[in-house]
Amino acid sequence: MPRTPVDADGHRGQRPQDGTAAGLSPSDAGAPAGTAAQSPHEVAAPRWLDADELAAWLANSAIMISLPAALDARMQRESQLTFFEYMVLSVLSEEPERTMQMSGLAARTSSSLSRLSHVVARLENRGLLTRSRIPGAGRRTNTTLTESGYDVVAAAAPGHVAAVREYLIDQVLPDDLSALRRIGTAVEAAIKRGEASTASVVHAR
């Protein structure tokens, strides 16, 4: 059962009984539609999801949770790589000289530098890639795919493509592929805007 937030005094709040935790508006969930007037110091009212929006969100939530897990389990079973490890090796395999700066690799794999550093260290210990400092100011690092790393990702690629087709591509109509690409691009752009906005606020402090 989901836990409810704890307030500043350590008291746990009541779980909503009207269904609003699922994203439905209070009126859709059966709660009274009327609310008291909002004071200038109160947070703006949530933009609750209507029934169609909620259905779309829940369907995509299932994809976001179950698809990476399925790909990860299959990748580890067939290639002894996690899905994220495969993505790191795959991106490097397509780069000139199979080399990329860590910051760029993090962006291409939609990862934080912290998470990427841990995974890169693990792959380096397996001899699948190497790291080297970039001369000059700053702490910049290149990551290079080794011959062994290339052999591993090349061997894993057919199984990965088969899984992607089985779980996603072959399950949608051809006309839906362009919609999938558009949706993914729009969501990624929104996330990056949010990250940039957060970073600017932090730097301003």
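Residues numbered from 1 in each chain as written. Predicted model: local features only at pLDDT ≥ 70, side-chain atom pairs only at ≥ 80, totals over all residues. Heavy atoms only, no water.

1. Looking at the pattern of salt bridges
Where charged atoms from two side chains of opposite charge come close, those side chains can pair. By the definition in use, this model includes ten salt bridges. A salt bridge links Arg-74 to Glu-78; the nearest nitrogen and oxygen atoms lie 3.3 Å apart. Here Arg-74 and its partner Glu-78 are both found in helix α1 (residues 51–79), four residues apart, which amounts to about one turn of the helix. Overall, Glu-78 belongs to the partly exposed group, its relative accessible area being 42%. Salt bridges linked by common partners bring Arg-74, Glu-78 and Glu-166 together as one network. (Salt bridge = Lys/Arg side-chain N within 4 Å of Asp/Glu carboxyl O. Helix = DSSP H or I, 4+ residues; strand = E, 2+ residues; numbered from the N terminus. Buried < 20%, exposed > 50% of the residue type's maximum accessible area, 1.4 Å probe, protein only.)

2. Notes on the confidence of the model for the protein
Model confidence for the protein is summarised by a mean pLDDT of 83, while 76% of its residues fall at 70 or above. Every residue in residues 1–18 is under pLDDT 50, and counting partners more than four places away or in other chains gives 15 contacts. (pLDDT = per-residue confidence, 0-100. Contact = heavy atoms within 4.5 Å.)

3. Overview of helix α2 (residues 83–93)
Judged by how many residues are buried, α2 sits mostly within the fold: eight of eleven residues are covered. Turning to α2, its buried residues are Phe-84, Glu-85, Tyr-86, Val-88, Leu-89, Ser-90, Val-91 and Leu-92.

4. Describing the side chain of Arg-74
Relative accessible area serves as the criterion here: at 12%, Arg-74 is assigned to the buried category. If sequence neighbours within four positions are ignored, Arg-74 has contacts with Gly-159, Ala-162, Ala-163, Glu-166 and Tyr-167.

5. Some thoughts on the nonpolar core
In terms of nonpolar packing, the biggest core is built from 21 residues, with Leu-81, Val-88, Leu-89, Leu-116 and Leu-123 touching the most fellow members. Those elements giving two or more residues to this core turn out to be α2, α3 (102–108), α4 (113–125) and α5 (147–167). The element contributing the most residues to this core is α2, with six residues. Excluding anything up to four places from it in sequence, Leu-116 contacts Phe-84, Val-88, Met-102, Leu-105, Ala-106 and Ser-111. (Core = buried A, V, L, I, M, F, W, Y, C linked by side-chain atoms within 4.5 Å.)

6. A few points about the packing of aromatic side chains
Evaluated as defined, the whole model comprises zero aromatic pairs. The ring of Phe-84 carries the charged tip of Arg-115 above its face, separated from the ring centre by 3.9 Å. (Phe/Tyr/Trp six-rings, centres within 6.5 Å; stacked < 30°, edge-to-face > 60°. Lys NZ or Arg CZ within 6 Å of the ring centre and 35° of its normal.)

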